[in-house]
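Chain by chain, the residues run as shown.
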Amino acid sequence: MTLIRRSLLAAAFAAVAAPAMAQAYPTRTVTIIVPFAAGGPTDAVARLIAEAMGRDLGQTVVVENVGGAGGTIGADRVAKARPDGYTVLLHHIGMATIPTLYRRLPYEPVNAFAPIGLVSPVPMTVIARKDHPAANFQELIAWIREKKEDVNLGNAGLGAASQLCGTLLQFLLQTPVTTVPFRGTGPAMTELLGGRIDVMCDQTTNTTEQIRAGAVKAYAVTVPSRLAALPDVPTTAEVGMPDLAVTIWHGLYAPRGTPAPVIERLSRALQVALRDDKVVSRFAELGTTPEPQERATPDAHRAHWMAEIAKWRPVLQAANQFAD
Ligand code: MLT
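Quick notes on the rules
Residues numbered from 1 in each chain as written. Predicted model: local features only at pLDDT ≥ 70, side-chain atom pairs only at ≥ 80, totals over all residues. Heavy atoms only, no water. Near = heavy atom within 4 Å. Polar contact = N/O pair within 3.5 Å; in protein donor to acceptor, adjacent residues only side chain to side chain. Areas by Shrake-Rupley, 256 points an atom, 1.4 Å probe, with all protein chains shown as cover. Nonpolar A, V, L, I, M, F, W, Y, C, P; charged D, E, K, R; others polar. Domains from an automatic or database assignment. Salt bridge = Lys/Arg side-chain N within 4 Å of Asp/Glu carboxyl O. Buried < 20%, exposed > 50% of the residue type's maximum accessible area, 1.4 Å probe, protein only. Phe/Tyr/Trp six-rings, centres within 6.5 Å; stacked < 30°, edge-to-face > 60°. Helix = DSSP H or I, 4+ residues; strand = E, 2+ residues; numbered from the N terminus.

Q: Run through the site of the ligand, naming residues and quoting values.
A: In the neighbourhood of the ligand, 13 residues make up the surrounding shell, with Thr42, His92, Ala161, Ser162 and Thr185 lying closest. Take Ala161: an N or O atom from its main chain is 2.7 Å from an oxygen atom of the ligand. Protein burial of the ligand: of its 270 Å² of free accessible surface, 100% is covered by the chains. Classifying every residue of the shell around the ligand gives five nonpolar, seven polar and one charged. Residue contributions to the shell around the ligand reach at least three from each of two domains, namely domain 1 (3-122 + 249-319) and domain 2 (123-221).

This is the structure:
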């Protein structure tokens, strides 16, 4: 068979079969790739929406953790997955910082993906091991300024939200510390609970319960208003560091080339999940909220994503921290 005939047949098949496949979608399990270790904040968000999306889709939605390299290994997995709607990525603000932080990647950090919708904006908390001597934020930053490289700050690697917040903190203090990267802030939290690292800036979806249990010390939240879930933790503005302001938005992505009807079906399932009572109440317990329905759409997600890339590029270039 000549190449032309093969190409024509392939095109004809795609023209006929793809819409039919999209009509029937989904007919089997959908996998959400989380580019960080299990037990962390990104994982927590993914597992909550996966269960609710599965109910709407009528298929099992599983979460697979593919950690490492600040979330780029998991993103690469989805960038190279079949564009059929059965492998999607739940990622966060890292999708806006990685295009600047990584100048050589095995995948195209923007064009390899098709946005499905925004999921949840998550505040961050500045926390320390529970036996830390600092009684408040001012004492904590004085301690960091004194100890410098003797401070062990945990994060989830270059491209992680915890790394972004930690970089901002060091930039604002003009004090470099020792950063300790993990495959996610789930494992990092284990080390903090054990007193083997000193401080971390991590999302409320991973820290709220530890703070409430007194298992770690909390010094500030990185959003303009105090959180109902953590009413006793002051904002960074209240403690004199208003520029330490960062909210970690999350989005769902399919590989580029996924048929539009499949993207739309996934977006509808995401919107249903974000209205689900269990998701809404659990998000509230963890200091976050679902994105409004109109933002859980491909167009709104793309617009926010592009704006965030443009916002963070000069900040990261000024910090001069690149992966390669
Ligand atoms: C991050 O720091 O980007 C996340 O907290 C990592 C994670 O979800 O484990």
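Q: Before we move on, can you summarise the pattern of salt bridges with the specific residues and values?
A: Considering all chains together, one arrives at 19 salt bridges under this definition. A salt bridge links Glu291 to Arg295; the shortest N-O distance between them is 2.8 Å. The class for Glu291 is buried, based on a relative accessible area of 7%. Owing to a relative accessible area of 29%, Arg295 belongs among the partly exposed residues under this scheme. Because the salt bridges share partners, they merge into one network encompassing Glu51, Arg55, Asp276 and Lys278.

Q: Describe in detail the packing of aromatic side chains, supporting the description with residues and values.
A: Per the stated rule, a full pass over the model turns up four aromatic pairs. Between Tyr107 and Phe113 the ring centres are 5.9 Å apart and the planes differ by 85°, which places this aromatic pair in the edge-to-face class. Tyr107 sits in the buried class, given a relative accessible area of 7%. With a centroid separation of 6.1 Å and 70° between ring planes, the pair formed by Phe113 and Tyr253 is classed as edge-to-face. Of the two residues, Phe113 sits in strand 4 (residues 113-129) while Tyr253 sits in strand 9 (residues 247-255), which places them 140 residues apart along the sequence. In terms of burial, Phe113 and Tyr253 fall into one category: buried. An aromatic cluster of at least three residues, connected via ring pairs, comprises Tyr107, Phe113, Tyr253 and Trp305.

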